[in-house]
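Descriptive structure summary
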Amino acid sequence: MMNTICKACFAVLGIMAVSYSASAQQKFIDPANMDLSVRPGDDFYKYASGKWVKNNPVPAKETRWGSFNQLRDFNINAVKGLVENAAADKSAPAGSVKRRVGDFYRAAMDSIAIEKLGYTPIKAELEKIKQLKSTVDILNHAAYLRTNGLASPMFSFGVSQDKKNVNKYLPQLGQGGTTLPDRDYYLKDDSRSVKIREAYTTYMTALFKLTGSTETQASKKASVVMAIEKQLADAQMSRLEMRDPYKTYNKFTLTDFNKSTPAISWSSLFNQLLVGQQDTVLVSSPKFFVSLNGLLESVSLPDWQTYLEWNILKSAAPNLSSPFVNATFAFNQAQTGQKVQTPRWQRMSQLTDGTIGDLLGQLYVAKYFKSDAKVRMDELIENLRKAFAIRIKNLDWMSDVTKQQALDKLHAFVPKIGYPSKWRNYDGLAIRPDTYLQNLRNAGTWAYQEMVAQLGKPVDRTRFGMTPPTVNAYYSATMNEIVFPAGILQFPFFDPNADDAVNYGGIGAVIGHEMSHGFDDSGSQYDKDGNLRNWWTSEDREKFDAKTKLLGEQFDSYKVLDTISVNGKFTMGENIGDLGGLNAAYEAFKMTKQGQSDEKIDGFIPDQRFFLSWAQVWRGNVLPESAAQLVKTDPHSPGQFRTIGAPVNMDAWYKAFDVKPGDKLYKKPEDRIRLW
């Protein structure tokens, strides 16, 4: 399903954690983690984090290791405690939050039952595909798979806000139908892409063999799927193109949309998708559906049957017996370089959070969320809002008329902290302690029905797009809201015992980052109410675009691996978030008592501690295979470049660390990019 909210996140990781407070004696900025032999102006990343990076290689069960991962790994055992306690509590009343969480986790951890079943849970579904007799049957069955939580073939579909009328939900169609992480893996012939395609073919062949095909049959089926997916990939827009909110906003009546896809009756298909009462649709990539229409006319029925069979297989494989799970891991391993599989308890804890997050979230919040953290966050957010307003008013490149619109949008930001004010209760979702895959299917069906039930109703502004235990934050352009789940309100981002420099360089910069998303290259095209509407003068937008072009060029120059560089245009929104956010956080920090002093703590003045706090958030190691994939798929720049990307444009950083001409990171004052 399509994501139901437009999100710009602080980090790519969506990871579970449990709040804890470091002791008052903790060195929040620890020189033991730094490489003080390096000049900060030559390599600020190494200076701030060099020894930590050297002493913390990527563990075998991970693909990267940094502050985010360390936080998760330290705390995941506490989340494990919640689900294990729930699973062990036989006295919890039927239907209670604890019982439902416990039943879900117990079923997920019953590996003996799962091994005995093999692929029996999907045999009947695979058999149904053999009965399909026409292209219409293929389309209707694709809809059946989607509405029943089994797979999402051919294209993406969801219900979300109309970007130009955000008080209304509309059905939305988007490109999809592929398996590899990015279309380039199908279309390019560099060694990495070829290797991943080969691993994908091996994976498909293995799964087809596990479900009864001979080696020859499995190999042929894999070739069929690859051929279809390659054509779907060729029809897709690039991730960079998809960043343009106007390019991806195309509203049609179903009657008009039918004209471009004669092989697809959308009125009929919408009935199958349970949205038959709708006569209007938003389409992110109309050309993709013209190509899909062509494939429906040119690809044979048996080949489409194979494609649907594969979609069921790949969706179910991680949740079947160990031969399926191991084949899935081998494929993931080829893509990411991960050495050993993540322990089952950890995978299932995360699956519980991802599937029934508002149930697990209630247990989490009751035990771990501290109300004083919310009080402090309210204060920090308002301080950041004041600082951001000051910075907008002082911009030398923006006219007063656009400044007022920007200020109106800033003041309209809605902050959400910790957890939703209204929990989803999953009424009607059947969860049993002995039917793992059926629980997942039930949850998929329930989530789909809940999604389409939004049509015709007022937009629900109480929702969180992340679960409470998640270590992350996000901005939603259509909601014009900044959201901070409970999981991120902990060190190294936030600690009630830390000095202001640490908290403003950590969570303060996160708050500022999410605010800045409202003014990045994409978010700035939405107004204070969340509607896609231009509120800029043409002259101001030209000046903004010129500055973002320079920022893009800065990040283009950062080398990740051998021939691979950061894509400055693709990562633009996050880079603007960092630059605007760190500047706003610094502005707010300078309003505090510590920010106006020069008193050293552990040998560092306040301004140094502020920037070092920012740096330690981004320290980390990543496997080369994962690094190569993330450059294509992750709109965030790698951590080492986020560490330096914003500070090198801030005069305060130069002053704090005595960075001078001749230092490798030095930029002339007139070359420093001053945006927000």
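If you walk through the whole model with that rule in mind, you get 51 aromatic pairs. Ring geometry for Y47 against F657: centres 5.9 Å apart, planes inclined by 75 degrees, an arrangement best described as edge-to-face. One end of the pair, Y47, is in helix α1 (residues 44-55); the other, F657, is in the segment after α26 (651-656), with 610 residues separating them in the sequence. Ring centres of Y419 and W423 lie 5.6 Å apart, and the angle between their planes is 0 degrees; on these two criteria the pair is classed as stacked. An aromatic cluster of three or more residues is present, and its members are F155, F157, F252, F257, W266, F270, F288, F289 and Y448. Above the plane of the ring of F519 lies K409, whose end atom (NZ or CZ) is 5.7 Å from the centre.

Time to look at the layout of surface pockets. In this structure, the second largest pocket encloses a volume near 560 Å³. For the second largest pocket, the lining is made up of 32 residues, of which R64, V622, P638, G639 and Q640 are closest to its centre. For the lining of the second largest pocket, the secondary-structure elements that each account for two or more residues are β2 (64-66), α2 (67-88), β10 (559-561), β12 (620-622), α24 (624-633) and α25 (639-645). A total of four residues in the lining of the second largest pocket trace back to one element, the largest contributor, which is α24. Of the residues contributing to the lining of the second largest pocket, the split by class is 17 nonpolar, eleven polar and four charged.

Where helix α20 (residues 500-517) meets helix α23 (residues 606-617), the axes come as close as 7 Å, and the angle between the chain directions of the two elements is 35 degrees. The interaxial crossing formed by α20 with α23 has right-handed handedness. Facing α20, whose interface residues are A501, V502, Y504, G505, G506 and A509, α23 presents P606, R609, F610, S613 and W614. A breakdown of the residues in the contact of α20 with α23 according to their chemical character gives seven nonpolar, three polar and one charged.

What counts and how
Residues numbered from 1 in each chain as written. Predicted model: local features only at pLDDT ≥ 70, side-chain atom pairs only at ≥ 80, totals over all residues. Heavy atoms only, no water. Phe/Tyr/Trp six-rings, centres within 6.5 Å; stacked < 30°, edge-to-face > 60°. Helix = DSSP H or I, 4+ residues; strand = E, 2+ residues; numbered from the N terminus. Lys NZ or Arg CZ within 6 Å of the ring centre and 35° of its normal. 1 Å grid on protein atoms, 1.4 Å probe; cavity = no way out; pocket = protein on both sides within 12 Å on 5 of 7 lines; lining within 4 Å. Points joined across faces, edges and corners; volume = space filled by probe spheres on them. Nonpolar A, V, L, I, M, F, W, Y, C, P; charged D, E, K, R; others polar. Axes fitted to C-alpha atoms, helices over the stretch in contact; angles between N-to-C directions. Left-handed = near helix turned anticlockwise from the far one by under 90°. Contact = heavy atoms within 4.5 Å.

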